[in-house]
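# Analysis of the macromolecular model
The residues making up each chain are set out below.
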Amino acid sequence: MPKQEQEPASEEVTEVAPGVLRMQLPIWLPGLGHVNMYGLVDERGLAVVDPGLPGPQSWKALKSRLKTAGYRVRDIHTVVVTHSHPDHFGGAGRIAREAGAELVTHHSFSTWTVKGPSPQRAISDSEARRAEVDAAAIAQSVAGPPDEIPTIAEAAPDDPDILHDDTEETEATATPWGRETPWGTKNPGPPLKRRLMIRAMRVLFTPPEPTKRVHHGDRLRLAKRDWFVIHTPGHTVDHLCLFDPETGALLCGDHVLPTITPHVSGVRKADSLRSYLATLDLVARLDGVQLGLPAHGHPFHDVPGRVEAIKEHHQERMELLRSASMAVGPASVQDLSHEVFPKRHWGVMAESETFAHLEHLAHAGQAERWQEGDRLMYRVAPLSSGA
Ligand SMILES: [Zn+2]
Ligand SMILES: [Zn+2]
């Protein structure tokens, strides 16, 4: 039985919440069969969230789904991209160009062609906002004064790096092909044939240049109601979810998926797993959250339950790393990734995920890290000596 995230894109268009349409677009990524593009309908036309991969096949499917729903590309007034992965931003630039649509991303959004905001802007904006927001207040503030920015209390205790909004502090983008990763191995990139195909596609590609960069706590008027921007760094630094307190719907991108565990990218100078775990708690505690609308797979109801299961998975992986480290002694990220991942998953993704877990343990004082030549080396402490 394939997992629901692996199911091929259905041509059906379904209304999954009032005024919210699920339209599945085909994708060609390991472990995934479709991406959900959500259409949020109002009197002006519609907004779409995560319009699929770059390229003509996805675009054709996108137009055909819109047609099924009774719309054309030019009816799209807004396109929201939850994060900087190609299966989410692929069609966004073209929609913005052809429909004159607003292109909305998180403030820190960046890709290989789209640069993040300038550090100057990042500093002043994040200082102005100090995005430490209370989950419950997000729901309550619907009735509050329009300029009031809600605060996330518990999820972001006193540590600004949980919601690291300051892009200059972290390396937001993935390691380019052929370049060195933060942990000292080379990212070989995809096989040559695929690489050439991707290069060719880039030539015809309209980059997803944001026209509106939003922050945690901002509101967007979509499907005739206010949705709150929830910054959820972890899967990527620039990931955002949208929460509608009126119906309890959460557009969760790749932050929470129904049956597979989202990949957590290790980034330089930040504990991305900590950010991820904290912002998982944050979405689980949103007041009245009752419907997860993921980017892959079916809508699901128990957001807190799913969050709990994902957290357990990461706890288990950390324990696995601990026992692997105790068995092999000091080791590189690559070596340790080989201990905890089956051989078919070896490579830069597994290493990045291992790096994120090791950095999390190091930040918590449960692992030592040092440089040996060009490699980062780690040793995880036995449980008793941990905090
Ligand atoms: Zn993703
Ligand atoms: Zn995705």
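Quick look at the structure, then.

## Some points on the packing of aromatic side chains
Considering all chains together, one arrives at three aromatic pairs under this definition. Pairing F89 with F109 gives two aromatic rings, centres 6.4 Å apart and planes at 90°, and the pair type is edge-to-face. Here the residue F89 occupies a position in helix α2 (residues 86-89), and F109 occupies one in the loop between β6 (102-106) and α4 (119-129), the gap between them amounting to 20 residues. The same class applies to F89 as to F109, namely buried. Ring geometry for F89 against F205: centres 6.1 Å apart, planes inclined by 50°, an arrangement best described as tilted. Residue F89 is found in helix α2, and its partner F205 is found in the loop between α6 (192-203) and β7 (212-214); the two are separated by 116 residues along the sequence. Of the two residues, F89 and F205, neither departs from the other in class, the shared state being buried. Ring-pair connections join several aromatic residues into one group, and the members of that group are F89, F109 and F205. Its end group placed over the ring of F341, R317 keeps NZ or CZ at 4.1 Å from the ring centre.

## Remarks on the coordination of the zinc ion (ligand 1)
Distances from the zinc ion (ligand 1) to its protein donors, namely H83 (NE2), H85 (ND1), H235 (NE2) and D254 (OD), fall within the range 2.1 to 2.3 Å. Coordination at the zinc ion (ligand 1) comes from four donor atoms whose angles at the metal span 94 to 166°, giving a geometry best classed as irregular. Along the chain, the residues donating to the zinc ion (ligand 1) are arranged with the sequence spacing H-x1-H-x149-H-x18-D. Separating the zinc ion (ligand 1) and the zinc ion (ligand 2) is a distance of 3.5 Å, and D254 donates to both of them. Linking H83 in the loop between β5 (76-80) and α2 with H235 in the loop between β9 (225-231) and β10 (240-244), this pair joins segments that are 152 residues apart in sequence. Judged on exposure class, the residue H83 and its partner H235 are both buried.

Cut-offs and rules
Residues numbered from 1 in each chain as written. Chains lettered and ligands numbered in written order. Predicted model: local features only at pLDDT ≥ 70, side-chain atom pairs only at ≥ 80, totals over all residues. Heavy atoms only, no water. Phe/Tyr/Trp six-rings, centres within 6.5 Å; stacked < 30°, edge-to-face > 60°. Helix = DSSP H or I, 4+ residues; strand = E, 2+ residues; numbered from the N terminus. Buried < 20%, exposed > 50% of the residue type's maximum accessible area, 1.4 Å probe, protein only. Lys NZ or Arg CZ within 6 Å of the ring centre and 35° of its normal. Donors = N, O, S within 2.8 Å, 3.2 Å for Na, K, Ca; no water. Tetrahedral: all angles 85-135°; square planar, octahedral: opposite > 155°, others 65-115°.

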